[in-house]
Amino acid sequence: MTDPKLTPSFPSLLQRFFVEHLANQRAVSSRTVAAYRDTFRLLLYFAEATIGKAPARLTLADLDAQLMLSFLEATAPARATPAWRRFALSLSMPPTTT
C-alpha cells in the first residue's frame, strides 16, 4: 500500500500539471492554459456540489468514473458542437457503407 505521506495531494498534482507539464514540457499557449484552467474550475465546482468536498480536499480517488461521466453529461449542452462544425467534419469523413 502507498504511504499517504509520500503521495502528492491532488492540488499539488494539479498545480504541477499546469506549471510543469503544460507550461514547461508542452510549451502550450496561454489560451490553452486558460482553457484547461476554466475546465478544471468547472470540474472542481461540480465535484464540490456533487460530493460535498472542497476543491482543496479532493483526492484523485474522488474523481472516479461516475463523477467524471456525470460532469460530462452536465456540461454537454455547453460543449455542443455547432451545426456548421458537424457538417464540416462530415465532409472530411469517408462515407459509411450499410
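Residues numbered from 1 in each chain as written. Predicted model: local features only at pLDDT ≥ 70, side-chain atom pairs only at ≥ 80, totals over all residues. Heavy atoms only, no water.

Re the overall build of the chain
- What the chain contains, in helices and strands, is 4 helices and 0 strands.
- Scored against the burial criterion, the 98 residues of the chain give a buried share of 14%.
- Considering only residue pairs separated by 6 or more positions, the chain has 41% of its internal contacts joining residues 24 or more positions apart.
- Of the roughly 7800 Å² of accessible surface on the chain, a fraction of 61% belongs to carbon and sulfur atoms. (Helix = DSSP H or I, 4+ residues; strand = E, 2+ residues; numbered from the N terminus. Buried < 20%, exposed > 50% of the residue type's maximum accessible area, 1.4 Å probe, protein only. Contact = heavy atoms within 4.5 Å. Areas by Shrake-Rupley, 256 points an atom, 1.4 Å probe, with all protein chains shown as cover.)

A word on the side chain of Asp62
- Its location among the elements puts Asp62 in the loop between α2 (30–51) and α3 (65–75).
- There is a polar contact of 2.8 Å between the side chain of Asp62 and the backbone nitrogen of Thr59.
- Excluding anything up to four places from it in sequence, Asp62 contacts Ile51, Lys53, Arg57 and Leu67. (Polar contact = N/O pair within 3.5 Å; in protein donor to acceptor, adjacent residues only side chain to side chain.)

Things to note about α3
- Within the span of α3, buried status applies to Leu67, Phe71 and Thr75. Buried residues of α3, viewed axially, fall in a sector of 55°; they line one side. Exposed and facing more than 90 degrees away from the buried side of α3 are Ala65, Gln66 and Glu73.
- Tucked into the core, α3 has its buried residues touching α2. (Arc of directions from axis to C-beta.)

A look at the confidence of the model for the chain
- Overall, the predicted model of the chain reaches an average pLDDT of 81, with 76% of residues at or above 70.
- Of all helices and strands in the chain, the one with the weakest mean pLDDT is helix α4 (residues 83–92) (60), whereas α2 scores best (90). (pLDDT = per-residue confidence, 0-100.)

Some points on the nonpolar core
- Ranked by size, the top nonpolar core spans 12 residues in total: Phe10, Leu14, Phe18, Leu22, Leu43, Leu44, Phe46, Ala47, Leu58, Leu63, Leu67 and Phe71.
- Secondary structure elements with two or more residues in this core: α1 (10–25), α2 and α3.
- Beyond its immediate chain neighbours, meaning those up to four positions away, Leu58 contacts Phe10, Pro11, Leu44, Ala47, Ile51 and Lys53. (Core = buried A, V, L, I, M, F, W, Y, C linked by side-chain atoms within 4.5 Å.)

Thoughts on the packing of aromatic side chains
- Inspection of every chain in the model, using the stated rule, returns 5 aromatic pairs.
- Seen in terms of ring centroids, Phe17 and Phe18 are 5.5 Å apart; in terms of plane orientation they differ by 80°. Their pairing is edge-to-face.
- What makes Phe17 partly exposed here is its relative accessible area of 25%.
- Judged by centre distance (5.8 Å) and plane angle (70°), the rings of Phe18 and Phe40 are edge-to-face. Residue Phe18 is found in helix α1, and its partner Phe40 is found in helix α2; the two are separated by 22 residues along the sequence. (Phe/Tyr/Trp six-rings, centres within 6.5 Å; stacked < 30°, edge-to-face > 60°.)

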